[in-house]
Amino acid sequence: MDAASHHPEHPGAAGFRGSWASLLGAATLRAVVNPRLAVDLLRTGWAFRRRHWWGTPPFLPLPDRTYLRWRMYTAYGSEDTVPPLEDLLRFVRWRRETMGV
């Protein structure tokens, strides 16, 4: 079992076995019906983009893979974890409320 399945603060992480694509798809569906969430997700995605993204393929403002793996390790104890949708939504809401963005 991976470390995420034993994390007391993230019990849902054990049951989520999806991919990043499925997480983004589920978040997109939620954002379609909730414009405030759509704005929060876009702002958070933009904040996580890698530096100088326009200078290297695929020329998209995607998060830096190394940074994202580190974030998953510090949050869930495994670099390969994909967070549950509810954790992602909770984070973007927290970011808006705490940072005022």
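For the structure, check the block above.
Residues numbered from 1 in each chain as written. Predicted model: local features only at pLDDT ≥ 70, side-chain atom pairs only at ≥ 80, totals over all residues. Heavy atoms only, no water.

### Considerations on the packing of helix α2 (residues 35-47) against helix α4 (residues 85-99)
Phase 1 of the analysis: α4 packs onto α2 with a crossing angle of 85° between their chain directions and a minimal axis gap of 9 Å. Classified by the interaxial angle, the pair formed by α2 and α4 is roughly perpendicular. The segment α2 lies against α4, with Arg36, Leu37, Asp40, Leu41, Arg43, Thr44 and Ala47 engaging Leu88, Leu89, Phe91, Val92, Arg95 and Arg96.
Phase 2 of the analysis: Across the contact of α2 with α4, the residue classes tally to 7 nonpolar, 1 polar and 5 charged. (Axes fitted to C-alpha atoms, helices over the stretch in contact; angles between N-to-C directions. Helix = DSSP H or I, 4+ residues; strand = E, 2+ residues; numbered from the N terminus. Parallel < 35°, antiparallel > 145°, perpendicular 65-115°, else oblique. Contact = heavy atoms within 4.5 Å. Nonpolar A, V, L, I, M, F, W, Y, C, P; charged D, E, K, R; others polar.)

### Some thoughts on empty space enclosed by the protein
Phase 1 of the analysis: Across all of its chains, the model carries 1 cavity of 30 Å³ or more by this definition.
Phase 2 of the analysis: Volume-wise, the largest cavity comes out at about 30 Å³.
Phase 3 of the analysis: Every residue along the wall of the largest cavity is listed here: Asp40, Arg43, Thr44, Val92, Arg95, Arg96 and Val101.
Phase 4 of the analysis: Elements that contribute at least two residues to the lining of the largest cavity include exactly α2 and α4.
Phase 5 of the analysis: Tallied by class, residues from the lining of the largest cavity come to 2 nonpolar, 1 polar and 4 charged. (1 Å grid on protein atoms, 1.4 Å probe; cavity = no way out; pocket = protein on both sides within 12 Å on 5 of 7 lines; lining within 4 Å. Points joined across faces, edges and corners; volume = space filled by probe spheres on them.)

### Focus on the packing of aromatic side chains
Phase 1 of the analysis: Under the defined criterion, the tally for this structure stands at 6 aromatic pairs.
Phase 2 of the analysis: The interplanar angle of 75° and the centroid separation of 6.1 Å between the aromatic rings of Trp46 and Trp53 together place this pair among those described as edge-to-face.
Phase 3 of the analysis: Overall, Trp46 belongs to the partly exposed group, its relative accessible area being 46%.
Phase 4 of the analysis: With a relative accessible area of 18%, Trp53 lands in the buried category. (Phe/Tyr/Trp six-rings, centres within 6.5 Å; stacked < 30°, edge-to-face > 60°. Buried < 20%, exposed > 50% of the residue type's maximum accessible area, 1.4 Å probe, protein only.)

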